[in-house]
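Residue-level structure breakdown
The residues making up each chain are set out below.
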Number of protein chains: 2
Amino acid sequence: MKNQIDSLMQEHQIDALLVTGSAMHNPAMVYLTGGGHITSADLIKIRHKPAVLFCGVMERDEAAKSGLEVRLFSDYPLKPLLEQAGQDYTRALALRYRQMLLDVGLNKGRVALYGQVEIGPLYGILKELTPLLPDVEFVGFTRDPILMPAMMTKDPQEIERIRRMAKITTEVVGRTAEYLTHHRVEDEVLIKPDGKPLTIADVKSRINLWLSELGAENPEGTIFAIGRDAGVPHSSGNPADFVRLGKTIVFDIFPCEAGGGYYYDFTRTWSLGYAADEALELYQQVKNVYDTIVSELTQQTPFAQYQQRTCQLFEALGHPTIQSDPQAQEGYIHSVGHGLGLHVHEMPFSGAVAGQQDQLVPGVVITIEPGLYYPSREMGFRIEDTYFAREDGGFERFADYPYDFVLPMRT
Amino acid sequence: MKNQIDSLMQEHQIDALLVTGSAMHNPAMVYLTGGGHITSADLIKIRHKPAVLFCGVMERDEAAKSGLEVRLFSDYPLKPLLEQAGQDYTRALALRYRQMLLDVGLNKGRVALYGQVEIGPLYGILKELTPLLPDVEFVGFTRDPILMPAMMTKDPQEIERIRRMAKITTEVVGRTAEYLTHHRVEDEVLIKPDGKPLTIADVKSRINLWLSELGAENPEGTIFAIGRDAGVPHSSGNPADFVRLGKTIVFDIFPCEAGGGYYYDFTRTWSLGYAADEALELYQQVKNVYDTIVSELTQQTPFAQYQQRTCQLFEALGHPTIQSDPQAQEGYIHSVGHGLGLHVHEMPFSGAVAGQQDQLVPGVVITIEPGLYYPSREMGFRIEDTYFAREDGGFERFADYPYDFVLPMRT
C-alpha cells in the first residue's frame, strides 16, 4: 500500500522517485496523483517528503485536484535554458530537470525512474542529465522493488474500485451471452436481423459500447477467439470471422475505469448450441483444475506454488505443460494467474518472472486462470476469475458468474 | 511517409531503429506493424532492410498479421540467459537484446529508441546492454528526425482513416448539441428526465458511448469545460458541475480509432440559450481570426508563421498573447495548431517547439485552433478544425460542422 513507499525506498537505498508522463493510463502517475486530465507532467518524490507535481500552465487546475504541491514548467522558462544549452533542445530540457530536482532538494543519491512514456525523448534527456548531476544516479528496475510491491497490496478503497469494475465486467459478459444466444442460425452461423452473418467485430463493438455505457474503457482490447484462434492463448480473434455453433469461444475481457484506472480481468469459454464430446471433456478438466486451485489458495504462500500445482494437475491428466516443456505450444502453456490493479498484469506473479516477493499476502488481487490449448484440434479453453486476499485470511471472488460451457441458443 | 524512413536514417546516421512495447496506443509500433493485439514486442529495423518483429509465443498469430518477419522470445529462452547473468533478471534481458540485435545483423552503429513503454525496466536494461555492445550507441531524440518527419506527411490511406475519424467526431458533436438542447431548464440549469441536473459527467459519458458505438476510443478524455473552466485551455471540466445556460462551453474532442490508431481533433465553443454581449463579441473575434488564418494558409510555409500571425491579429484587438508575454495566463495563450496522426499532437508544430522542418508541405494534417481565455471573466473560446494539405497545393477541411456559438434550447 501507499504507506509502504517511504520504507521501501529506504530499504532499497532510493532517495527519490521521478515519475514522468500523463496522469491517464500511466499507473505510477495515477497511483501517486489520483489521475486526471494531465497530459504531461513530472512528479518528484523525495524519501520521507510529500511528492511535488510539475506541469504546464494549461493543466494547473487539473493538477491541483491531486492535492499535491503543484509547480509550473513555466517557472523554468525554455528560452534562457536554450541559450544556456547552445540552442540544444535536449540539453535545455536536461537543464530544466536538473533545476527541478535541485529545487525540491535532490542533489545527490539514487533516483528511480517511473512512467509510461515515449522512450526516445526521456532517454536522450537522461543521457544529457547524468553528467550534469554527477552525484545523482538514475536507476530503472525490471523488477521494481518500490512501487510494484506497494501497489501489490490494495487498501479498501482500491478493492471497492476493482469491485465496481468486476460488476461492470460481468454485467457486460452477461449481456454478451444474451446477445449471442438470441441470434437465429443458418448453416451453423449466427445471423443478424439484417440477414448478414454475425462477426467477431460485431460482438466486440457491442462489448465496447456496453463497457463505455457503464463507465469503463477497453484500452487493451478484448479476446474473443473462436476455434483454432481459441487455441492460441493471446489471439484476440479475427474481426471478420463469423460466430458459429459448436466451436470453443475463449472470451477474455479486461477493461479499466474510464480515464485509465483500475482493471478487472475475467474469462469464460463458451460453445454455442452444442459442443463436441472432446470439448466437453477438456472443458470439464479445466474447470476441475480451476476448482482445485481455488480451493487450495492459502495466504502467506508463494503464488508460483500454484503454477507448479496447476502444471502437476494438467500433467496428471496427460497434457503437455510449460513445466515439462518450456517451448510447448499445446496443452497448458501460460501461468495460472497474476496480480491486477492499475496494471492489467502486476505483482504478485505466478509464472517465470515470479520472485520471492510474489506472495499471497492480505490485500493482493489475483487472477486464477488455468487453460488448455489445442490449436491443432481447433479448440482452446480458459476459465478466469479475479480474487482478493482478505484481511481475515480468506480469498474472495469479486463477482460471481456462471461457468456454463454450452450456451443453448434461445431462438 | 513510410518510404522516407531509410533515407532519413541515412541522413541522420542511424543504423537501426529499436521499437518497444505494445502494438496498441504506441504510435511508433502501430506505424511500423499496422497495430493489433500484441501487448509486448520489440521491432528492429536495420537501415535498408525490412523490420523484424519479436514477440511472445502467445501473440505469434497477431504478430503475423503485420506481414513482417516474426521471431519469438522463446527462441531466446530466459533460463540459460539467467544462468549466464548470475540470475540477474535485468542483465538476462540485456543479454537477450544483445543476441536479438546480433541476430538481425546489428553489431555496431547508432540505434535510435522508440516506443511508449514503462521507462524503468527499459532504462535499466539499456544501462546493462550498453557495455555489452561497445560498438553500438543507443540514442533517443527529443526532436525525432526519423519517424516523426516520416509520420508528418500522410499517404492517401492515412488521410482516409483520419477522414473516417472526422466523420465520427463531428457526428458525435452533432449528437451532443441535439442532446444538450433538448433538456428542459430550471433556474438556468439543464434538467434530466429524472428531475436531476445534467452534469458534465453525464455529457461525457454520453460522448464516450457514442464514440464507442461508432468505432472510436477516447484515451485522452474530452474537454467539456464551462465558464471559468472554459477560460483555462486544458481544464477538462469538473465532472460534478451542472450544465448551465449563458456560459461559454469549450468542447474539445480528440478521439482515436479503436485499438489505438489515428486521431481526430475538433473544438467548438457554445453558449446554451443565450450569451452575454461580451461573450458574443469575443467569440466573433476568435471566429474572425480563425477565418483569416484559414484563408491565409499556404503550402511550403513554416507553420510557426501562422502562430506569429495569430498573435498579431489578437494583439491588434487588444488582447495579451504569449508573444507579448510568454507567461500570460489570459488572452491568447497557446499555439495555433499542431500536426495530428497516430499522436494527437505531432509534427508539424506551430508553437515554441517548432523547428525548421515544421513546414506546411503536401500530406501534412494540421489543426487550426485560435482561442481566447479569460478565467477572471469566467469565459473562454476556441474554434478548431483539422485540415490536410492536398497534393494540388490547397488545404481541405476533413469535415464540415457549423460555427454557431449560441445554441437555442429546443424545449
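So, how was this worked out
Residues numbered from 1 in each chain as written. Chains lettered and ligands numbered in written order. Predicted model: local features only at pLDDT ≥ 70, side-chain atom pairs only at ≥ 80, totals over all residues. Heavy atoms only, no water. Helix = DSSP H or I, 4+ residues; strand = E, 2+ residues; numbered from the N terminus. Rg over C-alpha atoms; globule rule 2.2 N^0.38 Å. Buried < 20%, exposed > 50% of the residue type's maximum accessible area, 1.4 Å probe, protein only. Phe/Tyr/Trp six-rings, centres within 6.5 Å; stacked < 30°, edge-to-face > 60°. Lys NZ or Arg CZ within 6 Å of the ring centre and 35° of its normal. Contact = heavy atoms within 4.5 Å. Least-squares fit on C-alpha atoms with pLDDT ≥ 70 in both. Expected span 1.5 Å × (residues − 1). Polar contact = N/O pair within 3.5 Å; in protein donor to acceptor, adjacent residues only side chain to side chain. Domains from an automatic or database assignment. Buried area = accessible area lost by both parts, 1.4 Å probe. Salt bridge = Lys/Arg side-chain N within 4 Å of Asp/Glu carboxyl O. Nonpolar A, V, L, I, M, F, W, Y, C, P; charged D, E, K, R; others polar. Pairing = 2+ DSSP bridges. Axes fitted to C-alpha atoms, helices over the stretch in contact; angles between N-to-C directions. Left-handed = near helix turned anticlockwise from the far one by under 90°. pLDDT = per-residue confidence, 0-100.

Regarding the overall build of chain A
Of the regular secondary structure elements, chain A holds 11 helices and 22 strands. A compact globule built from 411 residues should have a C-alpha radius of gyration of about 22 Å, and chain A, at 24 Å, falls within 12% of that. In terms of overall dimensions, chain A has a C-alpha envelope of 75 × 50 × 40 Å along the principal axes. Expressed as a percentage of the 411 residues in chain A, the buried residues total 60%.

Regarding the packing of aromatic side chains
Residues and elements named next belong to chain A. Under the criterion given, the structure shown has 23 aromatic pairs over all chains. On the basis of an interplanar angle of 85° and a centroid distance of 5.9 Å, the ring pair of Tyr264 and Phe398 is categorised as edge-to-face. Placement of Tyr264 in the loop between strand S13 (256–257) and strand S14 (266–272) and of Phe398 in the loop between strand S21 (395–397) and strand S22 (406–407) is noted, with a sequence separation of 134 residues between them. Here Tyr264 and Phe398 have matching classes, each one buried. Above the ring of Tyr403, the side-chain terminus of Lys287 is found at 4.7 Å from the ring centroid.

Notes on the environment of A:Met100
All names here are of chain A. Inspection of the secondary structure assignment puts Met100 in helix H5 (residues 89–103). Residue Met100 is classed as buried on the basis of its relative accessible area, which comes to 0%. Note: C-alpha distance between Met100 and Pro149 (49 residues apart in sequence) is 27 Å. Setting aside chain neighbours within four positions, we find Met100 in contact with Asp42, Ile44, Phe54, Phe73 and Tyr76.

Points about the side chain of B:Asp61
Of note, B:Asp61 is situated in helix H3 (residues 60–64). With near-sequence residues (within four places) excluded, B:Asp61 lies in contact with A:Arg228, A:Asp229 and A:Val232.

Focus on the relation of the copies chain B and chain A
When chain B is fitted onto chain A, the two copies agree to an RMSD of 0.0 Å after a turn of 180° and an axial shift of 0.0 Å. Those values place the two copies in the arrangement expected of a two-fold rotation axis.

Quick notes on helix H9 (residues 200–213) of chain B
The end-to-end C-alpha distance of H9(B), which contains 14 residues, comes to 20 Å, matching closely the 20 Å that a straight helix rising 1.5 Å per residue would cover. For H9(B), the full list of buried residues reads B:Ile200, B:Val203, B:Lys204, B:Ile207, B:Leu209, B:Trp210, B:Leu211 and B:Ser212. Considering only its buried residues, H9(B) is in contact with helix H9 (200–213) of chain A together with helix H8 (156–181), strand S10 (216–217), strand S11 (223–226) and strand S12 (248–253) of chain B.

Some points on the environment of A:Ser236
Its location among the elements puts A:Ser236 in the loop between strand S11 (222–226) and strand S12 (248–253). Residue A:Ser236 is classed as buried on the basis of its relative accessible area, which comes to 7%. In this structure A:Ser236 touches A:Lys204, A:Thr222, A:Ile223, A:Phe224, A:Ala225, B:His37 and B:Glu62, once residues within four positions along its chain are discounted. A distance of 3.1 Å separates polar atoms of two side chains, one belonging to A:Ser236 and the other to B:Glu62.

What about the domain arrangement of chain A?
Where interface size is quoted, it is often the accessible area lost as the parts come together. Residue and element names in this part refer to chain A. We note that the domain assignment places domain 1 (2–149) and domain 2 (153–407) within chain A. Here the C-alpha centre of domain 2 lies 36 Å away from the C-alpha centre of domain 1. Opposite the 10 residues of domain 1 that make contact, domain 2 presents 15 residues. Contact between domain 1 and domain 2 buries roughly 1,100 Å² in total, counting both sides, with carbon and sulfur atoms accounting for 57%. Interface area lost by domain 1 to domain 2 is led by His25, Pro27 and Met148, which between them contribute 49%. At the boundary of domain 1 with domain 2, the tally comes to 0 salt bridges. At the junction of domain 1 and domain 2, the tally comes to 3 residue pairs in polar contact (both at pLDDT 80 or more). Every element with two or more residues in the side of domain 1 that touches domain 2 is listed here: helix H2 (27–33) and helix H7 (147–152).

Observations regarding the interface of chain B and chain A
Between chain B and chain A, the contact holds 64 residues from the first and 64 residues from the second. The closest approach of N and O atoms between B:Asp61 and A:Arg228, which form a salt bridge, is 2.9 Å. On inspection of chain B and its partner chain A, the count reaches 28 residue pairs in polar contact (both at pLDDT 80 or more). Broken down by secondary-structure element, the contributors of at least two residues to the side of chain B that touches chain A are H3, helix H5 (89–103), strand S5 (109–114), strand S6 (116–118), helix H6 (119–132), strand S7 (136–139) and H9 of chain B. Sort the elements by how many residues they give to the side of chain B that touches chain A and H6(B) lands first, with 10 residues. When the residues that make up the side of chain B that touches chain A are grouped by side-chain class, the tally is 26 nonpolar, 24 polar and 14 charged. The pairing of strand S6 (residues 116–118) of chain A with S6(B) spans 3 bridges and is antiparallel. Of the residues in S6(B), the one forming a bridge with A:Gln116 is B:Glu118.

A few points about the pattern of salt bridges
In total, this model carries 52 salt bridges over all chains according to the counting rule given. A salt bridge links B:Asp202 to B:Lys192; its shortest N-O distance comes to 2.9 Å. Residue B:Asp202 is found in helix H9, and its partner B:Lys192 is found in the loop between strand S9 (189–191) and H9; the two are separated by 10 residues along the sequence. Judged by its relative accessible area of 17%, B:Lys192 falls in the buried class. Connected through shared salt-bridge partners, A:Glu160, A:Arg163, A:Arg390, A:Asp392 and A:Glu396 make up one network.

Regarding the packing of helix H8 (residues 156–181) of chain A against H9(A)
Residue and element names in this part refer to chain A. Where H8 meets H9, the closest approach of the two axes is 10 Å, and the angle between their N-to-C directions is 145°. The handedness of the crossing between H8 and H9 is right-handed. Where H8 abuts H9, its residues Ile168, Val172, Arg175, Thr176, Tyr179 and Leu180 lie against Asp202, Val203, Arg206, Ile207, Trp210, Leu211 and Glu213. Considered class by class, the residues forming the contact of H8 with H9 number 8 nonpolar, 1 polar and 4 charged.

Here's the deal with the confidence of the model for chain A
On average, residues of chain A score 95 in pLDDT, and 100% of them reach the 70 mark or higher. Interface confidence for the predicted complex, expressed as ipTM, amounts to 0.84; the pTM equals 0.85.

Some remarks on the sheet that holds strand S4 (residues 69–72) of chain A
Taken in spatial order, the 6 strands line up as S4-S3-S2-S1-S5-S7 (chain A) in an open sheet, and their pairing is mixed. The two strands at the open ends of the sheet, each matched to only one other strand, are S4 and strand S7 (136–139) of chain A. For this sheet the average axis-to-axis angle between neighbouring strands, irrespective of direction, equals 25°. Two strands pair when backbone bridges link them, and strand S2 (residues 41–46) of chain A and strand S3 (residues 52–55) of chain A are joined in this way by 4 bridges, in the antiparallel orientation. Across the sheet, the residue bridging to A:Ile44 is A:Val52, located in S3(A). Packed onto the sheet, H5(A) meets strand S1 (16–21), S2, S3, S4 and S7 of chain A and runs at close to 35° relative to S2(A). On the sheet, H6(B) packs against strand S5 (109–114) and S7 of chain A and is oriented at approximately 110° with respect to S7(A).

A word on the environment of B:Asp358
Residues and elements named next belong to chain B. Relative to the assigned elements, Asp358 resides in the loop between strand S16 (346–349) and strand S17 (365–368). Expressed as a C-alpha distance, the spacing of Asp358 and Glu346, which sit 12 residues apart in the sequence, is 9.9 Å. Leave out the neighbours within four places in its chain, and Asp358 touches Thr301, Pro302, Phe303, Met347, Pro348, Phe349 and Val353. A polar atom in the side chain of Asp358 sits 2.6 Å from the backbone nitrogen of Gly355.

Observations regarding the pairing of strand S19 (residues 379–382) of chain B
Residue and element names in this part refer to chain B. Alternating positions in S19 separate into two faces, Met379 and Phe381 on one and Gly380 and Arg382 on the other, with burial throughout. Here strand S18 (residues 371–374) runs beside S19; their pairing, made up of 4 bridges, is antiparallel. Looking at S19, one finds that Tyr374 is bridged to Met379. What sits between the antiparallel neighbours S18 and S19 is a turn of 4 residues, in which Glu378 has the positive phi angle 60°.

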